[in-house]
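Structure at a glance
These are the residues of each chain, in order.
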Amino acid sequence: MNKVRQYKENNLYQKNPKKISHIQKEDKITEQLERIMNSPEFHATASQRKLLDFIISKTSNGRSNELKGYTIAVEVFHRGNDFDPNSNPIVSIQAGKLRRALERYYLVAGQNDPLRIDIPKGSYIPIFIDQTSHEVDSTETDKPWDEIFKRRSPVIEIAPFNNLTGDSTNDIIGMGVASELAIEISQYQEIKIVHTPDKVENPDQKGNYRFVLYGNVYKNNTEIKVSSQLMDTKTGEHLWGEKYRMDIGDKRLLEFQEEVAQKVSLKLFDSYGVISTRLFNESKLKPLSDLTAYEAILKFYEFEKTWTKESFLIAMEALNHAKINEPNCGQVWTLLGNLYANIYGMDFSGFKDPIEKALQHAEKGISITPSDPRAWSTLAYIYLLSDELSLAREAINRALKLNARSPLNREIPGYVMTLLGEWEKGTTLIKKCMELSPHYRTSVHYALWLNRICQKNYEEAYMEIINFPSPNIFWYPLARASTLGLLGEHKKGEAFVNRLIELKPDFSSKAAILIRRYVKFEELVDRILKGLSQVGMDILG
C-alpha cells in the first residue's frame with residue numbers, strides 16, 4: 001500500500017523512517033526532480049520548471065511555510081514588492097499548469113518511477129508518493145495466505161477440459177481452452193484464479209475453492225464440441241453450462257479456443273455475470289462495514305445498473321469501508337473515483353470538491369494496480385469531465401493498450417472516445433462490446449445517441465436513448481425531450497420536460513453548464529438546447 005504524506009516543515013519523504021537517513025531522503029527527491037526535468041515528456045515552460053525547483057527546495061529545507069502566493073510571485077516570477085495576489089492570479093495559473101504537466105509526465109513516462117511528486121490543488125506544498133513501497137497489513141501477517149486469499153475475493157479453479165474424443169492427440173484442445181480462460185479471466189483483477197493441471201473427474205468432490213470451472217471435449221465426423229460448466233462447491237449447484245462447436249474442416253483452432261474463452265468469461269465473470277450475481281445476492285443482508293472488497297465492488301455494479309439515490313449511497317458507504325479494511329485493493333479506489341466523478345457530472349448535491357476527490361482516488365487506484373485498464377478508463381472519464389481533453393485521450397489510449405488482446409471492458413473507452421469526438425473509433429468499440437457481452441453497460445447508448453445527434457440523424461438518436469432506460473437520472477428525460485424537439489414531436493417532448501424538471505428543479509439555470517460537462521462541442525450543445533427549447537424548456541442565461 002502506498003502512503004501519501006504531505007510535507008510541512010521537516011516532514012520529508014519517508015519509505016522506512018528507521019532505515020532511511022535524512023540525506024537519503026533528500027537524494028531520492030533530488031534524483032526524481034532531475035529525472036522529471038530531463039524527460040522530453042515533461043511539457044513545462046522555463047518559469048514552471050523554476051517554480052517546481054523552488055517549491056521542492058523550500059520544502060526540503062524545512063521552509064514550506066514560506067510557500068505563499070506573494071513569496072512565489074516575488075522570488076520566482078520577479079514581481080515587485082507591491083504585488084497583490086488577490087488581484088493578480090499569475091501564481092495560481094502557473095501552479096495549475098505545472099500540476100497538469102506533472103500529471104501528464106506520470107501518465108505517459110513516469111508510471112514506474114520510484115517517487116511521484118504532486119502538487120495538491122489549493123496548496124503550493126508538494127507531496128511525495130512512494131511508488132515502490134508495498135506495505136503489508138500487520139494484522140494479517142500471521143494468517144495463512146490461502147485464508148486471506150479466499151476471504152477477500154472469489155477464487156475460481158480452472159482445470160484442463162477432459163478429452164472424451166478417444167484420441168489423445170486432442171488433449172491439446174481442452175488444455176488450450178483452459179489456458180485461454182485463465183488468461184482471459186486474469187483481466188478481472190478482483191477475481192483470483194487457480195489453474196490446475198489435473199483433470200476433473202468428479203467436480204462434486206472438489207471443495208478447495210468456491211467455484212470450479214471445468215468441461216469436456218467431444219468429436220464426431222463433422223465437428224468438435226466443447227462443453228463448459230461452472231459449479232459452486234459451497235452448495236454443490238451447477239450454476240451454468242454451455243456448448244460451443246467448430247467444424248472439423250476449420251483450421252482456426254487457436255481462434256476457436258480464444259472465442260470460447262471470451263464468451264465464457266463474459267457470461268461468468270463480467271460485472272453482471274453469473275458469479276457476480278450469485279455473490280451479490282448472498283451479500284444483501286450483510287452489514288456494509290463487514291463486506292469484503294469484492295462484495296463492496298458488487299454494490300457499485302448495482303448502482304451502475306439502477307442509478308438510484310439509495311444504491312449510490314450504499315455503494316459509497318460500502319466502498320469507503322472497503323478502502324479502510326482492504327486499502328491495497330486498487331479497484332476499490334478506482335470505483336470510488338468513479339462515484340465522485342458521477343457526483344460532479346450528475347451534479348449531486350451535498351458533496352464538497354467531488355472532481356478533486358475523484359482524481360485523488362483514481363490516481364491511488366492506478367498506483368496500486370497500474371496494469372488495470374479499467375483504472376485508466378476511469379481516469380480518462382474524470383479528465384473528460386474536468387475538460388482536460390488531451391489527458392483524457394492519453395489515459396484512454398493507455399487503457400486500450402493494456403487491453404489490446406481482448407474486447408472485454410472496452411465499452412467505457414469507447415464511451416469516452418466518442419465524447420471526445422473520435423466518433424467512428426469510439427462507436428465501433430461500443431458496438432463490438434454490445435455484440436459480445438450480454439451485460440454491457442447500457443449508459444453507452446448515451447454516447448451512441450450523441451453520435452447520431454452529431455450526424456443529425458434524429459430518428460436513430462431517439463432509438464438509442466430508448467435503449468438507455470435510466471429514469472432516475474436527469475440525462476434520460478433531457479435526451480428524450482431534446483431529440484423529440486429536434487424531430488418536431490413537441491407534444492411528446494413536453495412530458496419529458498416535466499420529468500426533467502422533477503429530477504433537476506434548477507436545470508433551467510444550469511442547463512448549458514451541465515450539458516457541457518459531457519458534450520465538448522459547442523455546436524452540439526447549441527443543438528441539444530435548441531431541441532429542449534422547442535418542447536417548452538425555458539433555458540435561463
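Everything that follows concerns the structure shown earlier in this document.
Now for a description of the structure that goes with this document.

1. Side note on the nonpolar core
Proteins that are soluble and globular tend to have nonpolar side chains buried together. Judged by nonpolar contacts, the single largest core of 121 residues is most densely connected at Leu 213, Tyr 446, Trp 449, Trp 475, Phe 507 and Ile 515. Among the nonpolar cores identified, the runner-up in size contains 29 residues, and Phe 42, Phe 54, Leu 115 and Ile 117 belong to it.

2. Thoughts on the environment of Trp 307
Mapped onto the secondary structure, Trp 307 falls in the loop between helix 9 (293-306) and helix 10 (309-325). Judged by its relative accessible area of 10%, Trp 307 falls in the buried class. In this structure, the C-alpha to C-alpha distance between Trp 307 and Asn 472, residues 165 residues apart in sequence, is 6.0 Å. Polar side-chain contacts of Trp 307 include one of 3.1 Å to the backbone oxygen of Glu 304.

3. Structural notes on the packing of helix 10 against helix 11 (residues 330-345)
Helix packing for two helices is described by the angle between their axes and how far apart those axes are. One way to put it is that helix 10 packs onto helix 11 with a least axis distance of 10 Å and a crossing angle of 145°. At the point where helix 10 passes helix 11, the crossing takes the left-handed sense. Residues Phe 312, Ala 315, Met 316, Leu 319, Asn 320, Ala 322 and Lys 323 of helix 10 form the contact with helix 11, whose participating residues are Val 332, Trp 333, Leu 335, Leu 336, Leu 339, Tyr 340 and Ile 343. Looking at the contact of helix 10 with helix 11, its residues break down into 12 nonpolar, one polar and one charged.

4. Looking at the pairing of strand 7 (residues 211-219)
Of all nine residues that make up strand 7, seven are buried, and the element is covered over most of its length. Looking at chain direction, strand 4 (residues 155-158) and strand 7 are connected through three bridges and run parallel. Looking across to strand 7, one finds that Ile 158 is bridged to Leu 213. Where strand 5 (residues 162-163) meets strand 7, two bridges bridge the pair, whose relative direction is parallel. Bridge pairing in strand 7 links Asn 163 to Val 217. Inspection of the sheet shows strand 7 paired to strand 8 (residues 223-232) by nine bridges, in the antiparallel sense. Bridging across to strand 8, Tyr 218 finds its partner in Lys 225. Adjacent in sequence and paired antiparallel, strand 7 and strand 8 are bridged by three residues.

Calculation criteria
Residues numbered from 1 in each chain as written. Predicted model: local features only at pLDDT ≥ 70, side-chain atom pairs only at ≥ 80, totals over all residues. Heavy atoms only, no water. Core = buried A, V, L, I, M, F, W, Y, C linked by side-chain atoms within 4.5 Å. Buried < 20%, exposed > 50% of the residue type's maximum accessible area, 1.4 Å probe, protein only. Helix = DSSP H or I, 4+ residues; strand = E, 2+ residues; numbered from the N terminus. Polar contact = N/O pair within 3.5 Å; in protein donor to acceptor, adjacent residues only side chain to side chain. Axes fitted to C-alpha atoms, helices over the stretch in contact; angles between N-to-C directions. Left-handed = near helix turned anticlockwise from the far one by under 90°. Contact = heavy atoms within 4.5 Å. Nonpolar A, V, L, I, M, F, W, Y, C, P; charged D, E, K, R; others polar. Pairing = 2+ DSSP bridges.

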